[in-house]
Amino acid sequence: MDNYVAIVVDNDDKAYEGLHALWRLDDAGDITVHGAAVVHRDQYGAMDVATKDTDPGARTAIGIGIGALLGALAGPVGAAAGAASAAAVTAASVGTAAGIGAAAGGAVGLTADAVKSSEHDEAAYETGFVVPRGKSAIIAEVSEDWTTPVDNMAKQIGGTVYRRPKSSILESYWNDDDDGYLYPYDYEPAYA
Amino acid sequence: MNDMKGALEQARRDAQALHKKAQDATAKKHADIRANVEKLADEALKLQAALKVLKLSQHADAQQHLNNAVNALDDAAKNAKAIKTANERDLGILRAALRLRTAIALKQLSRALAAKRTSVKGRAPQFV
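Reading guide: rules and limits
- Residues numbered from 1 in each chain as written.
- Chains lettered and ligands numbered in written order.
- Predicted model: local features only at pLDDT ≥ 70, side-chain atom pairs only at ≥ 80, totals over all residues.
- Helix = DSSP H or I, 4+ residues; strand = E, 2+ residues; numbered from the N terminus.
- Buried ≥ 20, exposed ≤ 12 C-beta atoms within 10 Å, placed from the backbone.
- Contact = placed C-beta atoms within 7 Å.
- Axes fitted to C-alpha atoms, helices over the stretch in contact; angles between N-to-C directions.
- Parallel < 35°, antiparallel > 145°, perpendicular 65-115°, else oblique.
- Left-handed = near helix turned anticlockwise from the far one by under 90°.
- Nonpolar A, V, L, I, M, F, W, Y, C, P; charged D, E, K, R; others polar.
- Core = buried A, V, L, I, M, F, W, Y, C linked by C-beta atoms within 7 Å.

Peer 1: Which parts of the structure should I look at to understand the overall build of chain B?
Peer 2: Check the secondary structure of chain B and you find four helices and zero strands. For chain B, the α and β elements follow one another from N to C terminus as α-α-α-α. Here chain B, with 128 residues, has 41% of them falling under the buried criterion. Look at the contacts in chain B between residues 6 or more apart in sequence, and 74% of them connect residues 24 or more apart.

Here it is in structure tokens:
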């Protein structure tokens, strides 16, 4: 079954540990990871994506996608609120290339490019359902035949797992044609 | 791990390497991008040829994903070749397209691998 998962942990170190552990589960064939990334929400509510990419444009694109995904993981309320309220933000700040699917959390990615504080607040509202202030999370798209491997790994790092079937997100808020939001291999995260 | 599963996992590792190279090559200055893309095109076509052989031994679900990956790699190779002679205006579009195509190819390979792993029965109970 294809799922999107968010594993919320106490700090960045735990998140990095979880990211690498996730890919080790892939190596072992217990799950298949299609992409994963690490995010952090600071004490003021702003989100950052830990990236290895030094290209500002790519960083924004990754952030938009992850923002949308976080909104979707938050459930229908979070995603719907984001889709309605962030559409204007997306149109004004990102351009027409970004679809409505990215709107749910689009402002999250823009933190990397320093947009207005009101947009940060909106992003914080969206993702606060999943990632509390001061916490970090591993976000991933995985195929898993059973949930135990990821659940056990999360337990070992003291994480809380949020999981939604990919099919339920695709139906309304997520555009599978978009790509590049989650790193398709293990990497050493660094906050831009 | 049987040989066929290993071959698919190796193909995904090759696609991951290609994706990294595409990311790195297209993050440079325009002159450097043009200098690096020809090799990328060759590597994309080489991987594409390997996938065409590999898909013959896969079941239908994985085959479909591999077909998609083959098509994406074909597009990626075309994008890479076009970059070589593109004007400044088109370079940005082609650069983004190259990144996207290699990412799609990789994702499709990843899905083929997931399908293959799921088809291996008796590994784990089905809880989801």
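Peer 1: Even after reading the chapter, I still don't get the environment of Asp151(A), so can you show me in this structure?
Peer 2: Looking at where Asp151(A) falls in the secondary structure, it is placed in helix H7 (residues 148-156). Remark: the alpha-carbon pair of Asp151(A) and Tyr162(A), spanning eleven residues in sequence, is separated by 9.9 Å.

Peer 1: What am I meant to see in the packing of helix H1 (residues 12-27) of chain A against H7(A) here?
Peer 2: Two numbers describe a pair of packed helices, the interaxial angle and the distance between the axes. Residues and elements named next belong to chain A. Packing of H1 against H7 leaves a shortest axis separation of 10 Å and a crossing angle of 150°. Relative to H7, the element H1 lies roughly antiparallel. Where H1 crosses over H7, the handedness of that crossing is right-handed. Here Gly 18, Ala 21, Leu 22 and Leu 25 of H1 lie close against H7, whose contacting residues are Pro 149, Val 150 and Met 153. Its residues assigned to classes, the contact of H1 with H7 comprises six nonpolar, one polar and no charged.

Peer 1: Looking at this structure, I do not really get the environment of Leu45(B). What am I missing?
Peer 2: Residue and element names in this part refer to chain B. Along the chain, Leu 45 turns up in helix H2 (residues 30-54). You can call Leu 45 partly exposed: it has 17 C-beta atoms within 10 Å. Along the chain, Leu 45 and Ala 76 lie 31 residues apart, while their C-alpha atoms are 8.8 Å from each other.

Peer 1: Help me out: how do you make sense of the nonpolar core in this one?
Peer 2: Soluble globular proteins tend to bury their nonpolar side chains together. Formed by 39 residues in total, the largest nonpolar core has its most connected members in Ala6(A), Ala36(A), Ala37(A), Val39(A), Ala137(A), Ile138(A) and Ile139(A). Listed by contribution, the elements that provide at least two residues to this core are strand E1 (2-9), H1, strand E2 (31-41), strand E3 (47-51), helix H2 (56-73), strand E4 (136-144) and H7 of chain A. With sequence-adjacent residues up to four places away left out, Ile138(A) is seen in contact with Ile7(A), Ala15(A), Gly18(A), Leu19(A), Leu22(A), Ala36(A) and Val38(A). Counting residues in each nonpolar core, the second largest holds 36 residues, with Ala15(B), Leu47(B), Leu51(B) and Ala103(B) among its members.

Any link to function would need more than the numbers given here.
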